[in-house]
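Listed below are the residues making up each chain.
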Amino acid sequence: MILGKYSFGVGDRFNHQGEAQLSALITATSEGVEVTPVWNKSNREHNIVHSEPVGTRMEADAAVKNLGWEGPYFVDADHINLSNVDRFIDHADFFTLDVAMYIGNESSQEDVAAFKKSCATLGSEVTIPGIPEPIQISDELLQQVAGKYLAAIKEAGKIYRHIEEKKGAGNFVTEVSMDEVETPQTPVDMFFILKMIANEKIPAQTIAPKFTGRFNKGVDYVGDVEQFAKEFEQDVLVIDYAVKAFGLPENLKLSVHSGSDKFTIYPVMAKIIKKHNKGLHVKTAGTTWLEEVIGLAIAGDEGLIVAKEIYIKALERKVELCAPYADVIDIDDSQLPSPDEVAGWTGEKFANTLRHIPGYPDYNPNFRQLIHVGYKVAAEMGEEYTNLLKKYADVVGSCVEENIYDRHLKRLFDL
Ligand SMILES: [Zn+2]
């Protein structure tokens with residue numbers, strides 16, 4: 001299975017927006033840019049909303065059938081490891097092997113020696129076209145990168161072979177992810193990580209490094225955009241080199257786990273992939289959940305009541321809800337409106353506060369991040385929540401579609 005040049009991950013916590021999401025991708029295709037839809041859901045997300053991987057598969061299949069999409073599409077078992085991959089095997093055809101937690105683990109002396117030996121053919125210096133500084137290969141550098149990444153990639157090899165044994169080689173797309181860590185991986189790290197992936201014979205089609213800067217949930221990029229652009233471009237060049245030199249799949253490309261809505265860097269990435277004629281995969285998830293809440297608020301009546309209830313409960317349970325996301329949210333409590341204030345809002349005011357339109361006077365990224373982590377509140381409402389998604393399917397769906405197309409795909413693929 002080959003993942004196309006451009007692909008876009010649409011997460012959907014409650015499995016009701018598949019058609020709205022696919023509609024946005026169909027519009028991109030009709031505008032001349034074919035973007036492969038991928039429905040991604042992590043094990044953590046399934047556990048929080050008490051859903052099962054079969055639900056994502058059913059949603060994707062139904063959306064594709066109902067809208068007559070004839071192109072390829074995938075269901076991504078996002079951020080899996082050996083301990084939880086089995087529940088996804090029958091339902092996913094894209095697996096994101098998350099080995100971040102193995103970074104820095106010790107490897108055996110034999111493994112390190114074998115890695116160093118495999119690098120002997122590189123010589124003492126590697127020049128990657130487009131990158132001014134050559135990589136100076138030394139025993140010290142090899143020792144250092146092996147210390148950081150070898151155990152992680154060995155683990156990725158184990159997970160890959162476990163899936164391959166069950167699904168058969170070539171029957172799924174493989175991604176290797178290391179994005180959920182604090183320290184970014186440099187382009188030199190990327191070079192050696194790809195060498196290790198090739199040594200393990202993992203046919204990775206996408207790779208998700210940790211980039212420089214903060215990727216907070218549901219809000220824009222925070223960091224040095226110039227530095228990001230430099231690293232992103234060098235990663236693209238390193239991948240191009242590694243594909244040829246190490247025999248990795250030709251369509252290997254970067255996967256950006258965006259945490260949704262990294263609008264500032266979308267055009268930066270668009271420009272670089274265009275310049276080098278390369279592909280890109282971008283994952284989103286929470287942005288769709290946030291549009292559901294926006295849609296309910298606009299729908300008014302019960303929809304608005306529940307939208308307000310979600311915020312007020314999330315505010316009460318802020319510490320608990322934010323805990324699993326401590327590294328990827330930055331909420332300024334002093335900017336959060338009080339429950340009394342929100343209780344008096346119109347649907348329009350609520351939606352304008354939540355909707356991510358940079359520069360809009362009502363937009364409040366603190367409010368948005370709190371609701372982002374508040375999906376557990378909606379999950380606990382059960383059918384009370386999902387029945388409203390059905391009742392207000394039109395208005396909610398149009399919010400979801402507009403968001404994916406206008407705010408994400410247009411910026412990413414220069415539509
Ligand atoms: Zn991720």
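A brief structural summary. Sequence order as written defines the numbering, with residues in each chain counted from 1. Two thresholds apply to this predicted model, a pLDDT of at least 70 for residue-level local features and 80 or more for giving and counting side-chain atom pairs, whereas whole-chain, interface and lining totals are computed over all residues. Note that the side-chain values use all heavy atoms of the structure and ignore hydrogens as well as water.

### As for the environment of Lys 158
Position of Lys 158 among the secondary structure elements: in helix α5 (residues 139-167). Taking the C-alpha atoms as reference points, Lys 158 and Pro 365, separated by 207 residues in sequence, lie 40 Å from one another. Each helix is a run of H or I in the DSSP string that is no shorter than four residues. Each strand is a run of E no shorter than two, and both are numbered from the N terminus.

### Considerations on the packing of aromatic side chains
Pairs were defined over the aromatic rings of Phe, Tyr and Trp, the Trp ring being its six-membered one, requiring ring centres within 6.5 Å. Orientation was assigned from the angle between planes: stacked under 30 degrees, edge-to-face over 60, tilted for the rest. Counted by the stated rule, this structure contains 24 aromatic pairs. Ring centres of Trp 345 and Phe 350 lie 6.2 Å apart, and the angle between their planes is 75°; this geometry places the pair in the edge-to-face category. Note on accessibility: Trp 345 and Phe 350 belong to one class, buried. Through a chain of ring-to-ring contacts, three or more aromatic side chains come together here, namely Phe 115, Phe 191, Phe 192, Tyr 241 and Phe 246. If you follow Lys 349 out to its NZ or CZ, it ends over the ring of Trp 345, 5.3 Å from the centre. When a residue's accessible area, from a 1.4 Å probe over protein chains only, is under 20% of the maximum for its type it is buried; when over 50% it is exposed; and in between it is partly exposed. We call a charge positioned over a ring when the NZ of a Lys or the CZ of an Arg lies within 6 Å of the ring centre and within 35 degrees of the ring normal.

### So, the coordination of the zinc ion
We call an atom a donor if it is N, O or S and sits within 2.8 Å of the metal, or 3.2 Å for Na, K and Ca. Water is not counted, so some sites may look partial. Protein-derived ligands of the zinc ion are His 79 (NE2), Asp 179 (OD) and His 257 (ND1), with the metal-ligand distances lying across 2.0 to 2.3 Å. Here the donor residues for the zinc ion map to a single chain with the spacing H-x99-D-x77-H. With a gap of 178 residues between them, His 79 in strand β3 (residues 74-80) and His 257 in strand β9 (residues 253-257) connect regions that are remote in the sequence. Per residue, the accessibility class of His 79 equals that of His 257, and both read buried.

### A few points about the nonpolar core
One finds Phe 95, Phe 192, Leu 194, Ile 197 and Phe 232 to be the most contacted residues of the largest nonpolar core, which totals 90 residues. Here this core gets 12 residues from one element, more than from any other, and that element is α5. Whether two residues are in contact is decided by their heavy atoms, any of which lying within 4.5 Å being enough. Ignoring sequence-local partners within four residues, the contact set of Phe 192 consists of Phe 115, Cys 119, Leu 122, Ile 135, Ile 137, Leu 141, Leu 142 and Val 145. Within the second largest apolar cluster, 43 residues are counted, among which are Phe 14, Ile 48, Ala 351 and Tyr 375. We define a nonpolar core as any set of buried Ala, Val, Leu, Ile, Met, Phe, Trp, Tyr and Cys residues linked to one another through side-chain atoms lying within 4.5 Å.

### A short note on the side chain of Asp 261
Mapped onto the fold, Asp 261 is located in the loop between β9 and α8 (266-276). On the basis of relative accessibility, which here comes to 0%, the residue Asp 261 falls in the buried class. Side-chain polar atoms of Asp 261 contact the side chain of Thr 287, separated by 2.7 Å. Beyond its immediate stretch of four places on either side in the chain, Asp 261 contacts Gly 218, Val 219, Asp 220, Tyr 266, Thr 287, His 356, Arg 368 and His 408. Side-chain atoms alone can form a polar contact between residues adjacent in sequence; in general such a contact is a pair of N or O atoms within 3.5 Å, and within protein one must be able to donate a hydrogen while the other accepts it.

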